Amino acid sequence: MTSSDTAQRFLSQARHHLNDDYLPKIRRCLEVLSGEDIWWRAHENTNSIGNLVLHLCGNVRQWIVSGLGGEEDRRRRPAEFSRRRPLPKEQLVEMLQSVVQEATQVLDSLSEEDLATARRIQTYDVTGLQAVLHVVEHFAYHTGQIIYITRLRKNIDLKFYDL
C-alpha cells in the first residue's frame, strides 16, 4: 500500500464518519424532538441542540469547505451560540446535510499532497490532515452532546442500529 492509498483510505473513513455515522444520528435526534426541545437549554450558559447544529455547520464550512476547499470564510462563530430565535428543525437538517455534502465534495478532491500542506484555519496553523481530523473529532463530540440532550428530553431508545 502506498502513502497515496493511505491518504485516500483516511479521507474515505472521514467521509464515512460524517455522512454515514454522525449525520444520521443527528437527523434521528431532530426527528423525535419538538422545536421546543431542539432549542431547550439546561441553563443560560449551556448550548441547545439548535445552537450545536449551527456550530457544526459553521465549523465544517470554515475548516473543510473554506480552509481546504478555498471557498470564502464567512463564519460568524459567536452567532452560532447566541441565537435564541428558533429555526425549524427541517431547516437545521437541510443546513447540516448541505454543509456535509459540500465537505464531502472537498474531501473527494483532496490528494496526499493536500493533506500534507500547511495552512492557517481560524487562528491555527495546521496541515490538511489535521484539519480533516479536527472536523471529524469535533463532529463526533457534538453528536454525542446532541444524543445526550435528546435522551434527557425524550427518555427513549433512539434505535441507531436500525437506521
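Predicted model only: the values in this text are computed from it and were never measured.

### Concerning the packing of helix H1 (residues 3-32) against helix H5 (residues 89-109)
Interaxial distance between H1 and H5 falls to 10 Å at its minimum, and their mutual angle equals 175°. With respect to their mutual orientation, H1 and H5 come out roughly antiparallel. Two secondary-structure elements touch here, H1 through Leu11, Ala14, Arg15, Leu18, Asn19, Leu23, Ile26, Arg27, Leu30 and Glu31 and H5 through Lys89, Val93, Leu96, Gln97, Val100, Thr104, Leu107 and Asp108. Counted by class, the contact of H1 with H5 contains 10 nonpolar, 3 polar and 5 charged residues.

### Thoughts on the pairing of strand E2 (residues 124-127)
Summarising the sheet, strand E1 (residues 118-121) and E2 pair through 4 bridges and their orientation is antiparallel. Counted as the bridge partner of Ile121 is Tyr124 from E2. The hairpin turn running from E1 into E2, its antiparallel successor, is 2 residues long, and Gln122 in that turn takes a positive phi close to 60°.

### Quick look at the packing of aromatic side chains
For any pair of aromatic rings, the description consists of the separation of the ring centres together with the inter-plane angle of the planes. Scanning the model with the defined rule gives 2 aromatic pairs in all. Judged by centre distance (6.0 Å) and plane angle (20°), the ring pair of Tyr22 and Phe139 falls under stacked. Note that Tyr22 is positioned in helix H1 and Phe139 in helix H7 (residues 128-154), a separation of 117 residues in sequence. Neither residue differs from the other here; Tyr22 and Phe139 are each classed as buried.

### Regarding H7
Taking 1.5 Å per residue as the helical rise, H7 with its 27 residues ought to reach 39 Å, and the 39 Å between its terminal C-alpha atoms agrees with that figure. One or two positions beyond H7, positive phi appears at Asn155, with a value near 50°.

Conventions adopted
- Residues numbered from 1 in each chain as written.
- Predicted model: local features only at pLDDT ≥ 70, side-chain atom pairs only at ≥ 80, totals over all residues.
- Heavy atoms only, no water.
- Axes fitted to C-alpha atoms, helices over the stretch in contact; angles between N-to-C directions.
- Helix = DSSP H or I, 4+ residues; strand = E, 2+ residues; numbered from the N terminus.
- Parallel < 35°, antiparallel > 145°, perpendicular 65-115°, else oblique.
- Contact = heavy atoms within 4.5 Å.
- Nonpolar A, V, L, I, M, F, W, Y, C, P; charged D, E, K, R; others polar.
- Pairing = 2+ DSSP bridges.
- Phe/Tyr/Trp six-rings, centres within 6.5 Å; stacked < 30°, edge-to-face > 60°.
- Buried < 20%, exposed > 50% of the residue type's maximum accessible area, 1.4 Å probe, protein only.
- Expected span 1.5 Å × (residues − 1).

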